[in-house]
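Tertiary structure, described
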Amino acid sequence: MMELSYWELKNWFTNVDYTIVGSGIVGLHAALRLRERFPTAKILILEKGMLPQGASTKNAGFACFGSLSEIMEDLKTHSEEEVIQLIEKRWKGLQLLRKRLGDAAIDFKPYGGYELFLKEDDLNFEACISRLSFVNEILKPLFKADVFTKETDRFGFGNIQNDLIFNPFEAQIDTGNMMQELLRQAVSENILILNQQTLTAYSDLGNQVEVVLENFSFKSQKVLFATNGFANKLTKGAVKPARAQVLITEPIANLGIKGTFHLDRGYYYFRNIGDRILLGGGRNLDFETETTTEFGQTKIVQNKLEDLLKNVILPNQDFQIAHRWSGIMGIGNSKNPVVTQLSENVFCGVRLGGMGVAIGSLIGTELADLI
C-alpha cells in the first residue's frame, strides 16, 4: 500500500466532489465547466500518463470539421441530418475552444484547408466534384457561405489531380500550446491534477463512488470518464481504439506549403509547422494492427508516409525526418460521440472519432452538464 500522510489525505483525497479520469481536451473542459457550475467543489483529475496520454498532446493540430470526401463517406453510413449535426458540433466545439483559450494562446492560424486527390484516384475525385454543390447547399445554413470550392494546385505537389478542394473555414493550431493553456487554466481554477495515476477499478456505492488506484482507494461523490481511445471496456465495445502514426521533418528551406491538407478520405493529413512538414495517418493500410492502445510505429505505415512525402508532398526536394510518434484515438461504428450516464454517479464522454480538437471542448462541457 502507498503510505499517505494526514496532509495528503486531507488535501487531495477527502471530501472529493468530482473525480475526472483523463486530463486531455475532454477532461480539462469538463473540469473547467464543473468549476463554473460549482465554484466551491473539490475537483480532482487523475491522469495515467506523465502528460495527457491518448491523443490530446499527440494530434496534428487541425482545427477542422471534415474534408469533402470524408463528409461524403459519412453520408453513406449516417443520415443527412446526422452528418449536419456532427459538423455543427465540431464547428461549435472549435468556437468554444477559441473562446475559452483565445486565438493567441493556441497559435490559431486561419490558413484554410485543402483536399488533394492522387492521379489514380479519378473516381473519388469526380464523385467529390459532382457532389460539391450539394454538400455546400446542406452546410449553407451553418456557415452562411460556400464551404468547398475548386482551386488549381499552386503548391507543386506531385502525382495528383490538377485541382484541389479548398475550405476557407479550416485552420491550424499549436497542440502543445493548447494543452498547456488548458492545464494552466485548470490549475488557476484550483482543480487538482495527479499524473501517473491508473484507475484499476471503481464501484458505484449509490451515494458515492469508490475509486481504486494501483495501491490506494478513496471516495468521490461523482466520477467522470474522459478516456476516449481507452474506453473500450467502459462502453462494452462501443468505442474502439485507433492508433494514428505521425512524423515531422527537419526544417525545409523555402517551404511554400501553408495550411492543413487532407488526402484519401481523411486517412492521411499533413500541414506545415513553420517550415517543417507534419504528416500522419495510414491506419487504413492495416486496420487490425492499428486497432490498439499500444503506442508505436509499423514499417508498412511509416514506409507509406515516407513515400507520400517523397512523391506527392515534397517531390524534387530534400528532406530529413526529425521525429516520429503515435497517438490513440477513439472511434466506433457511429461517428456520434458517447456522452452518457453509466450508473447513478458515474458518467462518460468518449468516442471523438479522430476529431478531438474540434469536438473535445464541447463533449467535455456536455459531460459536465450531465450532472
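Just so it is clear, the structure is predicted and the values come from calculations on it, not from any experiment. (Residues numbered from 1 in each chain as written. Predicted model: local features only at pLDDT ≥ 70, side-chain atom pairs only at ≥ 80, totals over all residues. Heavy atoms only, no water.)

**Here we look at helix α2 (residues 25-37)**
We count it as follows: Helical segments are the DSSP runs of H or I of at least four residues, strand segments are the runs of E of at least two, and each set is numbered from the N terminus. The span you would expect from a helix comes to 1.5 Å times its residue count less one. Partly exposed residues are those whose accessible area sits between 20% and 50% of the maximum for their type, while under 20% is buried and over 50% is exposed, using a 1.4 Å probe and protein chains only.
Between its first and last C-alpha atoms α2 spans 18 Å; for 13 residues at 1.5 Å apiece the expected length is 18 Å, and the two agree. With 10 of its 13 residues buried, α2 lies for the most part within the structure. Listing the buried residues of α2 in full gives Ile-25, Val-26, Gly-27, Leu-28, His-29, Ala-30, Ala-31, Leu-32, Leu-34 and Arg-35.

**Comments concerning the packing of helix α3 (residues 68-77) against helix α4 (residues 80-101)**
For clarity, the threshold we go by: For every element, the axis is a line fit to its C-alpha atoms; helices are fit only across the contacting stretch, and the angle between N-to-C directions ranges from 0 to 180 degrees. Between 65 and 115 degrees an angle is taken as roughly perpendicular, under 35 as roughly parallel, over 145 as roughly antiparallel, and anywhere else as oblique. In a left-handed crossing the near helix is turned counterclockwise from the far helix by less than a right angle, and in a right-handed crossing that turn is clockwise. Whether two residues touch is decided by their heavy atoms; if any such pair falls within 4.5 Å, the residues are in contact. When residue character is reported, Ala, Val, Leu, Ile, Met, Phe, Trp, Tyr, Cys and Pro are called nonpolar, Asp, Glu, Lys and Arg charged, and the others, Gly included, polar.
Two elements in contact, α3 and α4, have axes whose closest approach is 8 Å; the angle formed by their N-to-C orientations is 135°. On the basis of their axis angle, the class for α3 and α4 is oblique. Here the hand of the crossing between α3 and α4 comes out right-handed. Two secondary-structure elements touch here, α3 through Ile-71, Asp-74 and Leu-75 and α4 through Glu-80, Val-83, Ile-87 and Arg-90. The residue makeup of the contact of α3 with α4, split by class, is four nonpolar, no polar and three charged.

**Concerning the UniProt feature "domain: FAD dependent oxidoreductase" (unreviewed entry) in the chain**
Basically, it comes down to this: UniProt positions are given in the numbering used here, feature names are shortened, and annotations may be inferred rather than shown by experiment.
The residues that UniProt annotates with the feature "domain: FAD dependent oxidoreductase" (unreviewed entry) are residues 17-370. In this annotation, residues 17-370 is assigned 33% helix and 28% strand; the end-to-end C-alpha distance for the span is 15 Å.

**Describing the nonpolar core**
The cut-off we apply is this: Note on terminology: a nonpolar core comprises buried Ala, Val, Leu, Ile, Met, Phe, Trp, Tyr and Cys residues joined through side-chain atoms within 4.5 Å.
Ile-20, Ile-43, Leu-68, Leu-139, Phe-148, Ile-173 and Met-178 are the most contacted members of the largest nonpolar core, which has 53 residues in total. Beyond its immediate stretch of four places on either side in the chain, Ile-43 contacts Tyr-18, Ile-20, Ala-31, Leu-34, Arg-35, Ile-191 and Leu-192. Of all hydrophobic cores here, the second largest spans 26 residues; its members include Tyr-114, Leu-116, Leu-247 and Phe-261.

**Details of the pairing of strand β1 (residues 16-21)**
Each regular strand shows side chains that alternate between the opposite faces of the sheet. To keep it simple, the criterion reads: Whether two strands pair depends on DSSP finding at least two bridges between them. We call a crossover right-handed when, viewed with the strands running away from us, the connection from the first strand over the helix to the second turns clockwise.
In terms of burial, β1 is largely enclosed, as five of its six residues are buried. Of the strand pairs in this sheet, β1 and strand β2 (residues 43-46) are connected by four bridges, and their pairing is parallel. By the bridge assignment, Tyr-18 is partnered in β2 with Ile-43. Following the chain from β1 across α2 to the adjacent parallel β2, one finds a crossover that is right-handed.

**Describing the side chain of Glu-115**
The criterion, for reference: Any N or O atom pair separated by 3.5 Å or less is treated as a polar contact, with the protein-specific requirement of one donor-capable and one acceptor-capable atom, and with residues adjacent in sequence counted only for side-chain atom pairs.
With respect to the helices and strands, the residue Glu-115 is situated in strand β4 (residues 113-116). Side chain to side chain, Glu-115 and Ser-69 meet in a polar contact 2.3 Å long. When residues no more than four places from it in sequence are discounted, the contact partners of Glu-115 are Ser-67, Leu-68, Ser-69, Leu-164, Ile-165, His-262 and Arg-265.

**Considerations on the pattern of salt bridges**
Defined as follows: Salt bridge, as applied in this entry: a Lys or Arg side-chain nitrogen positioned within 4 Å of an Asp or Glu carboxyl oxygen.
Applying the stated criterion across every chain yields a total of 18 salt bridges. For Glu-36, the salt bridge is made with Arg-100, and the minimal N-O distance between the two is 3.1 Å. On the criterion of sequence distance, the pair formed by Glu-36 in helix α2 and Arg-100 in helix α4 is long-range, its members being 64 residues apart. In this structure, a network of salt bridges that share partners links the residues Arg-33, Glu-36, Arg-37, Arg-100 and Asp-369.

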